[in-house]
Amino acid sequence: MANFRFKALEIAQSRQAQLVAAPAERVADFFGSNTFNSEVMRALLSPEAYLKVTEAIQTNGQIDRGIADEVAGAMKSWATSKGATHYTHWFQPLTGETAEKHDAFFDITIDGKAIEKFKGGALVQQEPDASSFPNGGLRNTFEARGYTGWDPSSPAFLMDNGAGGKTLCIPSVFISYTGEALDYKTPLLKALNALDKAATAVCQYFDRSITKVTPTLGPEQEYFVVDRALFYARPDLVLAGRTVFGHSPARGQQLDDHYFGSIPPRVNAFMVDFEFEAMKLGMPVRTRHNEVAPGQFEVAPTFEEVNLAVDHNALLRDLMDKIAERHNLKVLFHEKPFAGINGSGKHNNWSMGTNTGVNLLAPSSKPKETLRFLSFLVNVVKAVYDNADLLRATIASAGNEYRLGANEAPPAIMSIFLGESLTQALNDLENKSEITVNKGDNVYYKLGLTRIPSLMRDNTDRNRTSPFAFTGNKFEFRAVGSSANSASTMTVLNAIVADQLNNFKSDLDGRLARGEKKELAIVDILKEYYVHSKRILFEGNGYSSEWVEEAEKRGLSNIKSSPEALGVFVKPESLSLFERTGVMNHAEVESRYEIELEKYIKNVQIESRVMGDLAMNHVVSTALKYQNKLAETARNLVELGMTDEAEPIKAILREISARVIAIKSGVESMIESRKRANNVDNTIDMARLYATEVKDHFDPIRYEVDKLEQIVDDEDWPLVKYRELLFVK
Ligand code: ADP
Ligand code: MG
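Residues numbered from 1 in each chain as written. Chains lettered and ligands numbered in written order. Predicted model: local features only at pLDDT ≥ 70, side-chain atom pairs only at ≥ 80, totals over all residues.

Per an unreviewed UniProt entry, the protein carries the name Glutamine synthetase and comes from Spirosoma utsteinense. UniProt's Sequence similarities (unreviewed entry) comment on the protein is quoted here verbatim: "Belongs to the glutamine synthetase family." (UniProt positions renumbered as here; feature names shortened; annotations may be inferred.)

Structural data, given as structure tokens:
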């Protein structure tokens, strides 16, 4: 086995960066060239069809069969002209991966004639035999009828299948026979719609020309890259996506030399390659750099409308997986592939834009716009404060559990960072005593709103330890896991803000009906909200233990375990929020809860099994062999009469024995815990047992194994070491 490790190392070290031909054209010439975008539609569709589709995209409207037939025809001829042979509805089932089932555009009849299979009907709706996707009890498998339905708001695109041919991928929703959502996209679209309605209504108090609000998302994706040969020599990486053992290398991230350092050539070639492909697929990837940990990197696109950004992030991760193969690399999207160094997140930068081109979270230099800005800002703060646990639920997963609360990641406590000047502005607002506005007064002046714009202009505060930070003109939710589909978080964030904006509107309407002056009424309400929510604001170091204590004093929750965090989904207040906003019905939420718990159980179960196997078959067996070698040496020394010299060797022998015994009993007891957990017949209790009894065995077993790694001869050690995984590429 050690041979396997050295062979892998030899291969890894001999690899060179692949030459990637830089695109000859300008970005504008190939950007989106693999998407059926509006430019292509304008060229290929009749003006009427083009108008109908564009309208449907903007209003989430229906597309009738005639138009669908025309669009399908255009899509097909566009796709086949670019080498596509198949099409698929591309959707995001609750497994968290993307799914596709390819069908050929044509079929051959018995008499050898080609008949067309892709018409409007096939574009609009498909019935994949998708019975093995998780449904949390929504759909009996014997009645395996789930439908996928075209989402025109996300452009269809061409995927290269690698070995041969291309497939036209049609972004779709996935719903059950009875109309319930079985995917991530359906509730997301509903939440975005709810936010649009609520935010537009609020905008109307400030500017009548605002008729549409579009939430925006720019997800910064972190990931690790390891050599392909080394990856396959680590069964834990292959099966669980993370290393369950591995002693920290002498040099980790303490030098901070990796961050923004020069990118290793092989990784750079990989980046150039996938960015080029991503841009052809219409993804505006913009920045690339090293991250804090050795072997860790980040890719960030320019923000887009949320639904599109979510699709693009899922597609980007898919693409990166595929392109990495060309470079003999493997991408790790797991939240915590390596202990002792930073894990990976996906910072969700979020804001709201209007049809008039205004970013509602951008401070303005005009006092009137400042009031609008503060309205949105404070409503977001209140929404997050009131629903912190629900937001926390969306980032709960087995992988993210290693990150949240670990010392270099945002804690599981939801807090908001606003920065000094903004906090100051809100405090001023709070402390403003009753004011009266007389005829001819400048109401904004009286409210102090003329001062705020200049206050905020050079707001350059940065706080990298806050899970939910205001960063100048957007909020950045940093606690989302790197492997997560952002849809879950975005669904909840947009739903809670929509709900809060609805409350704001009715509070304001109430006051206006009583004859209060609009600006004063708004400020009063914002004051109330601010006072109500301000204990969620925190400007200090979110990674410190003081904050954990302080947050507890403030009564903020700190839900560390995933099963407990997920439980918030099905609390009565959450169920009614989802229902009120039209995002999900009870059955849909409950099925999601069930699926997330099952995913959690399976992940911990796999890790636990991998750990047991590796510990016994790789580590203990190697340690015993090494023990034999040592025993022989000791015996030889004694035979030569060198009893004293044999003593230190015997001490090592004793240490190895003790550790081997500890590992063996740890693994046995972990297997017992697994059995007990597996015998429980309800999902939540099973998940709880996995989160506690089973998982509690991980650290003690790992401790012993990592100690053995330091004792056993490097020549014999079978598992690729951290220093090799992180530094060889
Ligand atoms: P950093 O957080 O590293 O300072 P940037 O300012 O470059 O980064 O932005 C990070 C991400 O935030 C990018 O993906 C960017 O597109 C996104 N972003 C910027 N403005 C908005 C916005 N209005 N809505 C959503 N995302 C945004
Ligand atoms: Mg950022």
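On we go.
Attention now goes to helix H24 (residues 683-694). Of the positions making up H24, those classed as buried are Met-686, Ala-687, Arg-688, Leu-689, Tyr-690, Ala-691 and Val-694. Those residues of H24 that are buried lie in contact with helix H20 (562-567), helix H22 (586-639) and helix H23 (643-678). (Buried ≥ 20, exposed ≤ 12 C-beta atoms within 10 Å, placed from the backbone. Helix = DSSP H or I, 4+ residues; strand = E, 2+ residues; numbered from the N terminus. Contact = placed C-beta atoms within 7 Å.)

With that settled, consider the pairing of strand E1 (residues 84-90). A large share of E1 lies buried, amounting to 6 of its 7 residues. Sheet topology note: the E1/strand E8 (residues 166-176) ladder contains 6 bridges and is parallel. Considered in E8, the bridge of His-89 is made with Ile-170. Two strands pair when backbone bridges link them, and E1 and strand E2 (residues 103-104) are joined in this way by 2 bridges, in the antiparallel orientation. Residue pairing in the sheet places His-86 in a bridge with Ala-104 of E2. (Pairing = 2+ DSSP bridges.)

This brings us to the nonpolar core. Ranked by size, the top nonpolar core spans 200 residues in total, and within it Val-71 and Val-384 carry the most contacts. In terms of residue count, H22 provides more of this core than any other element does, 15 residues in total. When residues of this core are assigned to domains, at least three map to each of domain 1 (31-183) and domain 2 (193-597). Among residues more than four places away in sequence, those in contact with Val-71 are Leu-45, Ala-49, Val-53 and Leu-123. (Core = buried A, V, L, I, M, F, W, Y, C linked by C-beta atoms within 7 Å. Domains from an automatic or database assignment.)

Domain assignment breaks the protein into domain 1 (31-183) and domain 2 (193-597). Relative to domain 2, the C-alpha centre of domain 1 lies at a distance of 31 Å. Counting from both sides, the interface comprises 24 residues of domain 1 and, opposite them, 21 residues of domain 2. Grouping the constituent residues of the side of domain 1 that touches domain 2 by class yields 8 nonpolar, 15 polar and 1 charged. (Nonpolar A, V, L, I, M, F, W, Y, C, P; charged D, E, K, R; others polar.)

Examined against the element boundaries, His-586 turns out to sit in helix H22. The exposure class of His-586 is partly exposed, given the 13 C-beta atoms found within 10 Å. Through-space distance from the C-alpha of His-586 to that of Ile-525 is 32 Å; in sequence the pair is 61 residues apart. Those residues in contact with His-586, other than ones at most four positions away along the chain, are Leu-575 and Glu-579.

Once that is clear, we can look at H23. Because each turn of an α-helix spans 3.6 residues, side chains separated by three or four positions in sequence point in the same direction. With 36 residues, H23 should reach 52 Å at 1.5 Å per residue; the first-to-last C-alpha distance of 52 Å fits that figure. Burial in H23 covers these residues: Ala-646, Ile-656, Arg-659, Ile-663, Gly-666, Val-667, Met-670, Arg-674 and Ala-677. Where H23 is buried, its residues contact H22, H24 and helix H25 (698-711). (Expected span 1.5 Å × (residues − 1).)

Around ligand 1 sit 16 residues in total, of which Thr-216, Gly-218, Phe-303, Asn-349 and Ser-351 are the nearest. Classifying every residue of the shell around ligand 1 gives 5 nonpolar, 8 polar and 3 charged. (Near = placed C-beta within 6 Å.)

One can describe the packing of helix H4 (residues 47-59) onto helix H5 (residues 65-81) by two numbers: an axis separation of 10 Å at closest approach and a directional angle of 105°. The orientation of H4 with respect to H5, classified from their angle, is roughly perpendicular. Here Ala-49, Lys-52 and Val-53 of H4 lie close against H5, whose contacting residues are Ile-67, Glu-70 and Val-71. Of the residues that constitute the contact of H4 with H5, the class distribution is 4 nonpolar, no polar and 2 charged. (Axes fitted to C-alpha atoms, helices over the stretch in contact; angles between N-to-C directions. Parallel < 35°, antiparallel > 145°, perpendicular 65-115°, else oblique.)

Moving on to the environment of Gly-121. Looking at the element boundaries, Gly-121 is found in helix H6 (residues 120-124). With 12 C-beta atoms counted inside 10 Å, the residue Gly-121 sits in the exposed group. For the pair Gly-121 and Pro-563, spaced 442 residues apart in the sequence, the C-alpha separation amounts to 41 Å.

To continue, consider the confidence of the model for the protein. Detailed reading of the predicted coordinates is not advisable wherever pLDDT falls low. Averaged over all residues, the pLDDT of the protein equals 90, while 93% of them reach at least 70. Two numbers describe this predicted complex: its pTM, 0.94, and its ipTM, 0.96. (pLDDT = per-residue confidence, 0-100.)

Okay, unusual backbone geometry next. In this structure, Asn-328 takes a positive phi of about 55° despite not being glycine. Mapped onto the fold, Asn-328 is located in the loop between helix H11 (306-326) and strand E13 (329-332). The class of Asn-328 is partly exposed, set by 18 C-beta atoms lying within 10 Å.

This next bit is on the pairing of E8. Where a strand is regular, its side chains alternate between the two sheet faces. The buried fraction of E8 amounts to 10 of the 11 residues, a majority that puts the element mostly inside the structure. Relative to E8, strand E6 (residues 146-150) is paired through 5 bridges, and the arrangement is antiparallel. Residue pairing across strands places Trp-150 opposite Ser-172, the latter belonging to E8. The pairing of strand E7 (residues 157-160) with E8 spans 4 bridges and is antiparallel. The residue bridging Phe-157 from the neighbouring strand is Cys-169, located in E8.

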